[in-house]
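Architecture at a glance
Residues per chain are reported as follows:
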Amino acid sequence: MTLRNRVSVAAAAGVLIVVAAVSTALYLFYAASLRSRVDATLVDAAQQAAGIARSLKQSGGRGSGTVPDISTPVTVGSVQVQLIPGPVTPGQPNRFGPLDGHDVAVAGQAQPAYFADEHHDGQQFRVYTVAWADNPGGLVRTSRPANADDGALRDAALLLAGLTVAAACLTYGAARLTAGRILRPIGELTEAAEHVTKTRDLTSRLGFPQANDEVGRLASSFDTMLAALHESLTAQRQLTADASHELRTPLTSLTTNLDLLEDGAGLADPQAPALVRAAREQAAELDQLITDLLDLARYRESPPHRETVRLDLLTEEAVRRLRQREPHPAIDSELHPCLVHADPAGLDRAITNLIGNAVKWTPEGDTVRVVVENGQVSVTDQGPGIPDTDLPRIFERFYRAPAARGTPGAGLGLAIVGGVARANDGTVTVRTGPGGSTFTLAFPPLPETD
Ligand code: ADP
C-alpha cells in the first residue's frame, strides 16, 4: 500500500471511529427521549380516567339498555386506557395477566404508580399502572405498543449510519487529495533516488528548493550525501590511477634491466652487477611504495589500538635507526620525557617520515634538529624551504613538488603523517622559510606518572 493510501485510510478510520461513537450516543439519547415521551403520554392518558368513566357511564345510559362494562379498554389517541374498579384483589384476571400484590398495593396507594414492559398476544407493550383517584381501591392502566416508535428509531439509525459512512468516505477523499499534495516532494525524492541508483550518476543532484521542513532537509542531506559519495569515489579512482602510475615506473625499469641481462651475455656481462644492483633498488622502491600504500590505508581510519607511549623514547629509537643510514646524517636531538595516548606503530612511522624528509632536504654537512617536549615532536631541517605554491598540497597523496621529482619517494610520506595525526587526535603543522622548515606533530600530552 502506498504511503498516500496509508495516510488516507488512517485518517478515514479515525473519523469513522469518532463519528460512529457520536452517532451511537445520539441514537441512544434519541431512543431514551422517545421512551420518556411515551411514558409521559401514558401518564397523561391515565389522568383522563375520570372523563373516560363518565363517558362510559353516559353511553351506557343512552344506549340499548345494556350496562357497559367499565373495565373495557378504551382507546385514547394511540393509548389504550383500562379502568379497573376497586377493590382489586390479587390474582384478579387482567389483560396483561392476573393482578399481583404490588398492583393491589398501588391501588391502595401504599405503593407509587409504576411502568412495566409487558408481553401480550405476541406483542410488546409499555404499561403504566396507577391508583384510580375517583374510585378508591381501583386501578387505571394505560398501555401502548412498544414498537410504535420503531419506524422513527430505524430511520434515525439509518440516517446516522449513512452520515458515519459519508463522513469516513469524505475524509478518505480529502485525505487522499491533501496527502497527495504533501507527499509529492517525497515521491519526487524517491524517483530521484531511484534514478541515481539506476544510472549510478553521482553527479546528479535533487536541487530541491531550500525548505526548512523535513522533506527539504532530507533532500539537502541526500544531496550532501551524494556529493560526499562522489568525492570519495573520485578520490578512490584517483588513488588507484596514481598508485598504478607510481607502481608502473619502477616496474618498467625493473623489467628493462632484467631484459638487458637476458639479452646480453647474462651474468657474465661486465655490466651485470650494476644491472642487478639497479634491479634490486627498483624492487626495494616497489616494496616501499606498497608498504606506504598499505600504511596510508591503515592510518586513514581510526588506529587499531592506542596506548600510553613515551614520545621521547619512541623518537629516540627512530633517530637511532635513521642515524645508521648511509651516508650517516647529522641529527641533533633534544628529547624531554613526555607521554601521549597514541598508536605506537603509526607514531613511529610518522616520526620516521618527518625526520627522513628533513634528512633528504638538508644539505650535507648541515644538521637536522629533533625536539620532543609537551606531547610534540618538532623536526627542523636546513633545506631550501617549501614554496608557497606547494605548501597547501604537500599533505595530499602522491603530491610531489617539482623540485622533488628527481629524489626518491612517491609523495605518500606526508599523507601518512597527516593520517596518523588525525587518527590519534593530533595535528601536524609546518613553518617554512628560505633557511629551512619545521614540521611539528602534536598530541594532547598526558600527565607524567612516576
Ligand atoms: P616525497 O618525500 O615522497 O616526495 P612526501 O609526502 O614526504 O613525499 O612530501 C611531499 C612533498 O613535500 C615533497 O615532494 C616535497 O616537495 C615537500 N617536502 C616534504 N618535506 C619537505 C622538507 N623537509 N623540505 C622541503 N620540502 C619538503
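Coordinates for the structure precede this section.
Here, residues in each chain are numbered from 1, in the same order as that chain's written sequence. Local features are withheld for residues below a pLDDT of 70 in this predicted model, meaning they are given only at 70 or higher, and side-chain atom pairs are given and counted only at 80 or more; totals for whole chains, interfaces and linings count all residues. Computation of side-chain values: all heavy atoms of the structure, hydrogens and water removed.

Brief notes about the sheet that holds strand β1 (residues 74–76)
What counts, and what does not: In short, DSSP must find at least two bridges between two strands for them to pair. The way it works is that DSSP assigns letters per residue, a run of H or I at least four long becomes a helix, a run of E at least two long becomes a strand, and they are numbered from the N terminus. Axis definition: a line fitted to C-alpha atoms, over the contacting stretch in the case of helices. Angles run 0 to 180 degrees between N-to-C directions. Here a residue-residue contact requires only that any non-hydrogen atoms of the pair lie within 4.5 Å.
With respect to topology, five strands assemble into an open sheet ordered β1-β2-β5-β4-β3, the strand pairing being antiparallel. Edge strands, defined here as strands with exactly one partner in the open sheet, are β1 and β3 (114–120). The sheet shows a mean angle of 30° between the axes of neighbouring strands, taken without regard to direction. As judged from the five bridges shared by strand β2 (residues 79–84) and strand β5 (residues 139–145), these two strands associate in the antiparallel manner. Of the residues in β5, the one forming a bridge with Leu 83 is Val 140. Across the sheet, helix α1 (residues 3–46) is in contact with β2, β3, β4 (123–131) and β5; its angle to β4 comes to roughly 45°.

What about the sheet that holds strand β13 (residues 445–446)?
Taken together, three strands build an open sheet; the order of strands is β6-β8-β13 and the sheet is antiparallel. This sheet does not close on itself; its edge strands, each paired only once, are β6 (307–310) and β13. Judged from the four bridges that link them, β6 and strand β8 (residues 339–342) form a sheet pairing that is antiparallel. In the sheet register, Val 309 faces β8, and the bridge partner there is Val 340.

Digging into the pattern of salt bridges
Threshold: Any carboxyl oxygen of Asp or Glu that lies within 4 Å of a side-chain nitrogen of Lys or Arg is treated as forming a salt bridge with it. Residue exposure (1.4 Å probe, protein chains only): buried if accessible area is under 20% of the type maximum, exposed if over 50%, otherwise partly exposed.
A full pass over the atoms with the stated rule returns 15 salt bridges. Between Asp 39 and Arg 126 there is a salt bridge whose closest N-O contact spans 2.8 Å. Taken together, the residues Asp 39 in helix α1 and Arg 126 in strand β4 connect sequence positions 87 residues apart. Here the two residues Asp 39 and Arg 126 agree in accessibility, since each one is buried. Where Arg 369 meets Glu 334, a salt bridge forms, and the shortest distance between an N and an O atom there is 2.3 Å. Residue Arg 369 is located in strand β9 (residues 368–373), and its partner Glu 334 is located in strand β7 (residues 331–335); the two are separated by 35 residues in the primary sequence.

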